[in-house]
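Spelled out, the chains give:
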Amino acid sequence: VDKHVSVVTNDGKVLVGILAGIDRVTNIILKESVERVFSQDEAVRQVPLGLYLVRGDNIAIVGELDQESDNQINYDTVTAEPLKPVVH
């Protein structure tokens, strides 16, 4: 809790924020969160979400984010193919 994390959802969304809470079924609450929308045609868009709840059954990956390294990336110049949905 109170760590910067990156969350990848089963539908391929990338969310970044501060972990505010978690429960036993892995529902998580992010504060100061943004969704990073990737595209091959334009730079990464960072959509502010604020306080955001992610259901545990929709989470593919959660990892602690190295904020210092992340701050060195200029997302205004990054293009990348969006992640594909997770197939079970």
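Use the structure listed above.
Chains are numbered independently. Their residues run from 1 in the order of the written sequence. Residues qualify for local features only when their pLDDT is at least 70, as the model is predicted, and side-chain atom pairs are given and counted only at 80 or more; totals for whole chains, interfaces and linings, by contrast, use all residues. Note: side-chain values were computed over all heavy atoms of the structure, leaving out hydrogens and water.

J.: Tell me what's going on with the sheet that holds strand β1 (residues 4–9), and back it up with residues and numbers.
T.: Strands sit in the order β4-β3-β2-β1-β5 across an open sheet of 5 strands; the sheet is antiparallel. Every other strand in the sheet has two partners, leaving β4 (45–54) and β5 (59–64) as the edge strands with one partner each. On average, each strand axis in the sheet is inclined to that of its neighbour by 25 degrees, with strand direction left out of account. Two strands are counted as paired when DSSP detects at least two bridges linking them. Counting from the N terminus, the helices are the DSSP runs of H or I reaching at least four residues and the strands are the DSSP runs of E reaching at least two. The pairing of β1 with strand β2 (residues 14–22) spans 5 bridges and is classified as antiparallel. Bridging from a neighbouring strand, V8 pairs with V14 of β2. All axes are obtained by fitting lines to C-alpha atoms, using only the stretch in contact for helices, and the reported angles, taken between N-to-C directions, cover 0 to 180 degrees.

J.: If you had to explain the pattern of salt bridges to someone new, which residues and values would you point to?
T.: A pair is scored as a salt bridge if a Lys or Arg side-chain nitrogen falls within 4 Å of a carboxyl oxygen belonging to Asp or Glu. Per the stated rule, a full pass over the model turns up 4 salt bridges. Across the pair E81 and K84 runs a salt bridge whose closest N-O atoms are separated by 2.9 Å. Classification of E81 as partly exposed rests on a relative accessible area of 46%. The cut-offs for exposure are 20% and 50% of the maximum accessible area for each residue type, with area from a 1.4 Å probe on protein chains only; residues under the lower value are buried, those over the upper are exposed, and the others partly exposed.

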